[in-house]
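Residue-level listing of the chains:
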Amino acid sequence: MSAFPLLAALLAAPAAAALLASRARGDEGARRAALAGAALTLLLSLAPLALSRAGVALAAGGPALPLVGARLRLGLDGYSAALLPLLGFVLLALIAAGPRAALDRPSAAALLATGSAILGVFCALDLALLAVAWVAALVPVERLVARKGARDPLLRRTCHIFLLGGTAPLVLAIGAVAALAARRGAALPFDVEEIARVGVPEAWQSPLFALVAIAVLMRMAAVPFHGWLPVLLSRGPLGVTVLLAEMQVGVCVLLRVGVTLLPAGFAEGMPILAVVGLISALHGAVLALAQDDLRRMLGYLVSSQKGLVLLGIATLNPESVSGALLQSVASSIATTGLAVVIGALEARTGTTDARELGGLVARTPRMAAFFFLLACATIGMPGALSFVSEDLLLHGVLHVHPVLAVLALAAAAINGITLFRAFQRAFLGPPARDRRGAAVGALALRERAFLLATVALTAVLGVAPTRLLALHEPVVERVLHDVARDAGGAHAAGEPRPLLDGGRRADRPAAHPPR
């Protein structure tokens with residue numbers, strides 16, 4: 001049985017719900033359509049995860065587009081299979097638990113359309129489809145920003161820079177890879193399998209990987225391309241920005257395009273990316289500590305977390321790569337919960353400026369408790385998934401670069417100080433003078449339900465991370481194997497490369513699971 005109908009239905013579900021939401025009569029109808037679409041997306045995303053855990057290959061071809069040399073080919077590896085239900089959960093949480101006032105008809109449609117495009121990035125095994133999905137993921141936020149662009153020109157300029165800088169390098173790289181594959185006789189020059197079969201000339205791999213890396217660094221908000229995320233999170237639509245920031249499309253493209261098609265460039269560029277990742281982790285941590293606005297603080301915190309992920313992958317140690325993939329999942333869960341709490345706080349007080357808050361623990365104890373628990377989950381307290389992921393990541397980096405490991409640990413420690421300082425300023429101490437006696441509404445049932453589910457999810461995965469590690473293991477092995485092979489010069493031009501199918505390859509024995 002082909003997996004194409006299942007994956008195509010998964011991509012189509014949020015897109016169809018976005019269309020229904022955009023045509024709804026009012027905001028309430030749009031919210032109901034969005035909620036149904038997000039719930040269906042989550043249910044459909046569980047099927048590929050179950051099939052992947054059962055060892056079923058999830059790579060299937062659809063209709064061909066011969067005029068452009070493309071084919072609608074979809075597939076998953078162990079990492080992207082785990083990202084599908086994560087996206088479904090985050091999408092449902094942002095719609096069901098997000099502030100009602102912020103979820104009007106355009107915002108609901110934008111959330112679903114962004115989710116559909118991100119699913120396209122996760123599933124695409126054709127570079128043309130990947131490029132279209134990569135660009136499409138940024139269009140909804142640009143349209144939302146355009147509605148308030150006249151009132152906030154900085155937000156509009158930032159979005160335009162992000163839209164151009166985050167798409168042009170990847171589109172150029174994909175076009176060049178396809179042209180080189182066509183010159184080498186590929187029948188479908190955008191198909192990942194065909195490109196892997198004919199190979200990309202080694203002389204071209206470094207400049208092409210540089211283009212891919214720029215696009216990935218932009219999407220991961222790494223230094224010096226980080227400026228868009230704090231601006232969008234503090235001044236733009238919270239839900240769509242959180243979805244863009246927390247779904248790991250940059251990591252997915254780095255692994256799928258960089259490792260599979262450009263391994264020599266990947267191996268050559270990893271030392272540079274390791275330094276960039278470390279600088280991003282420290283830079284984001286220090287700037288997050290200096291922020292008064294909780295939404296802007298969250299933007300720099302996410303940038304710091306993504307820097308740690310980039311450092312772990314670039315170190316190319318089995319433990320660091322495994323920890324980085326796990327950390328990308330853990331941080332997405334925890335920081336999404338923090339975003340929901342911050343959105344609920346803003347909806348009730350009208351501000352996220354910590355200087356204007358304080359003393360809220362007496363009036364909203366559940367909100368304070370969830371913020372504290374999710375802050376613990378974000379910084380890697382024992383019992384949380386991030387505790388396992390950071391331990392793996394830092395141990396792996398320590399084996400290769402002890403100095404980098406110490407600096408990465410310092411960034412993680414600063415993030416902990418930032419979150420507990422934000423908790424103290426917003427929820428403890430006396431209330432701000434102009435807010436004394438002001439009533440603050442308690443969390444609604446829908447908000448409590450999804451925040452409780454978020455805390456439970458990170459705790460359950462933190463206590464039993466083995467299955468998630470086993471799901472990522474073939475991806476970790478493939479990264480290390482391909483980079484080591486090309487670094488040693490064993491790859492000959494035109495030698496076929498295996499696909500990112502998440503399965504174990506026959507040309508090497510099984511690796512031991514990460515500790």
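Heads up: the structure comes first, above all this text.
Residues numbered from 1 in each chain as written. Predicted model: local features only at pLDDT ≥ 70, side-chain atom pairs only at ≥ 80, totals over all residues. Heavy atoms only, no water.

### A short note on the overall build of the protein
Along its length, the protein carries 20 helices and two strands. The buried share among the 515 residues of the protein stands at 61%. For the protein, the share of sequence-separated contacts (at least 6 apart) that also reach a separation of at least 24 residues comes to 81%. Summed over all atoms, the accessible surface of the protein reaches about 18,800 Å², with 67% contributed by carbon and sulfur. (Helix = DSSP H or I, 4+ residues; strand = E, 2+ residues; numbered from the N terminus. Buried < 20%, exposed > 50% of the residue type's maximum accessible area, 1.4 Å probe, protein only. Contact = heavy atoms within 4.5 Å. Areas by Shrake-Rupley, 256 points an atom, 1.4 Å probe, with all protein chains shown as cover.)

### Looking at the packing of helix α9 (residues 202-219) against helix α12 (residues 249-261)
Interhelical geometry of α9 versus α12 gives an angle of 170 degrees and a closest axis separation of 9 Å. What the angle tells us is that α9 and α12 run roughly antiparallel. Across from Gln 205, Phe 209, Val 212, Val 216 and Arg 219 in α9, the residues of α12 making contact are Val 249, Gly 250, Val 253, Leu 254, Val 257, Gly 258 and Leu 261. A per-class count over the contact of α9 with α12 returns eight nonpolar, three polar and one charged. (Axes fitted to C-alpha atoms, helices over the stretch in contact; angles between N-to-C directions. Parallel < 35°, antiparallel > 145°, perpendicular 65-115°, else oblique. Nonpolar A, V, L, I, M, F, W, Y, C, P; charged D, E, K, R; others polar.)

### Comments concerning the packing of helix α2 (residues 27-53) against helix α3 (residues 78-96)
Direction vectors running N to C along α2 and α3 enclose 160 degrees, while the axes themselves pass 8 Å from each other. As the angle between them shows, α2 and α3 are arranged roughly antiparallel. Our pair here, α2 against α3, has a crossing hand that is left-handed. Note on element contacts: α3 touches α2 through Gly 78, Ala 81, Ala 82, Leu 84, Pro 85, Gly 88, Phe 89, Leu 91, Leu 92, Ile 95 and Ala 96, opposite Arg 31, Ala 34, Leu 35, Ala 38, Ala 39, Thr 41, Leu 42, Ser 45, Leu 46, Pro 48, Leu 49 and Ser 52. Its residues placed into classes, the contact of α2 with α3 shows 17 nonpolar, five polar and one charged. (Left-handed = near helix turned anticlockwise from the far one by under 90°.)

### Describing α9
An α-helical turn contains 3.6 residues, so any two residues separated by three or four positions project in the same direction. Between its terminal C-alpha atoms α9 stretches 26 Å, which fits the 26 Å expected from 18 residues at 1.5 Å a residue. Along α9, the residues classified as buried are Gln 205, Leu 208, Phe 209, Val 212, Ala 213, Ala 215, Val 216, Leu 217, Met 218 and Arg 219. The inward-facing, buried residues of α9 contact α5 (127-136), α7 (153-183), α10 (228-235), α12, α13 (263-289) and α14 (294-315). (Expected span 1.5 Å × (residues − 1).)

### Quick word on unusual backbone geometry
In this structure, the amide linkage connecting Val 223 to the following residue, Pro 224, adopts the cis form with an omega of 5 degrees. Tracing the sequence through the fold places Pro 224 in the loop between α9 and α10. With phi around 55 degrees, Ala 221 is a residue other than glycine that occupies positive phi space. Here Leu 316, not a glycine, exhibits a phi torsion of approximately 60 degrees, which is positive.

### A look at the packing of aromatic side chains
In total, this model carries seven aromatic pairs according to the counting rule given. Taking 6.3 Å as the distance between ring centres and 20 degrees as the angle between the ring planes, the aromatic pair formed by Phe 371 and Phe 423 counts as stacked. Here Phe 423 lies in helix α18 (residues 402-427) and Phe 371 lies in helix α16 (residues 365-379), a separation of 52 residues in the sequence. Both residues of the pair, Phe 371 and Phe 423, belong to the buried class. Measuring from ring centre to ring centre gives 5.3 Å for Phe 372 and Phe 423, while their planes differ by 55 degrees; the resulting arrangement is tilted. Of this pair, Phe 372 sits in helix α16 while Phe 423 sits in helix α18; the two residues are 51 residues apart in sequence, bridging distant segments of the chain. One aromatic cluster in this structure is built from Phe 371, Phe 372, Phe 420, Phe 423 and Phe 427. Arg 219 extends its terminal NZ or CZ atom over the ring of Trp 134, reaching a point 4.0 Å from the ring centre. (Phe/Tyr/Trp six-rings, centres within 6.5 Å; stacked < 30°, edge-to-face > 60°. Lys NZ or Arg CZ within 6 Å of the ring centre and 35° of its normal.)

### Description of the side chain of Thr 335
Turning to its location among the elements, Thr 335 is positioned in helix α15 (residues 318-349). Of note is the side chain of Thr 335, whose polar atom sits 2.7 Å from the side chain of Glu 246. Other than its neighbours up to four places away in sequence, Thr 335 contacts Glu 246, Leu 298, Val 302 and Thr 378. (Polar contact = N/O pair within 3.5 Å; in protein donor to acceptor, adjacent residues only side chain to side chain.)

### Topic: the layout of surface pockets
A water-sized probe rolled over the atoms picks out the places where empty space is left. For the largest pocket, the calculated volume is near 610 Å³. What lines the largest pocket is a set of 25 residues, among which Ala 102, Leu 103, Ser 107, Pro 237 and Leu 238 lie closest to the centre. Secondary structure elements with two or more residues in the lining of the largest pocket: α4 (105-123), α6 (139-147), α11 (238-246) and α15. Here the lining of the largest pocket gets five residues from one element, more than from any other, and that element is α15. Classifying every residue of the lining of the largest pocket gives 13 nonpolar, five polar and seven charged. Looking at the second largest pocket, its volume works out to about 430 Å³. Lining the second largest pocket are 18 residues, with Leu 49, Pro 85, Leu 457, Leu 461 and Leu 468 sitting closest to its centre. The set of elements that each furnish at least two residues to the lining of the second largest pocket consists of α2, α3, α15, α19 (445-463) and α20 (466-487). Along the lines of polarity and charge, the residues of the lining of the second largest pocket split into 16 nonpolar, no polar and two charged. (1 Å grid on protein atoms, 1.4 Å probe; cavity = no way out; pocket = protein on both sides within 12 Å on 5 of 7 lines; lining within 4 Å. Points joined across faces, edges and corners; volume = space filled by probe spheres on them.)

### Some details on α3
Relative to the 27 Å expected for 19 residues at 1.5 Å per residue, α3 spans 28 Å between its end C-alpha atoms, a close match to the ideal helical length. The backbone nitrogen of Tyr 79 has a side-chain oxygen 3.0 Å away, supplied by the residue at the start of α3, namely Asp 77.

### Looking at the side chain of Arg 425
Along the chain, the position of Arg 425 falls in helix α18. Overall, Arg 425 belongs to the buried group, its relative accessible area being 19%. In terms of polar contacts, Arg 425 uses its side chain to reach the side chain of Asp 292, at 2.9 Å. What Arg 425 contacts, discounting residues up to four positions off in sequence, is Gln 291, Asp 292, Ala 354, Arg 355, Leu 357 and Gly 358.

### Description of the nonpolar core
Considering soluble globular proteins, one finds that nonpolar side chains tend to be buried as a cluster. Counting 184 residues, the largest nonpolar core has Phe 122, Leu 127, Val 253, Phe 266, Leu 273 and Leu 294 as the members making the most contacts within it. Examining the composition of this core, we find that 15 residues originate from one element, α3, more than from any other. Once residues within four sequence positions are removed from consideration, Leu 273 is found in contact with Phe 209, Ala 213, Leu 217, Leu 254, Leu 310 and Ala 314. (Core = buried A, V, L, I, M, F, W, Y, C linked by side-chain atoms within 4.5 Å.)

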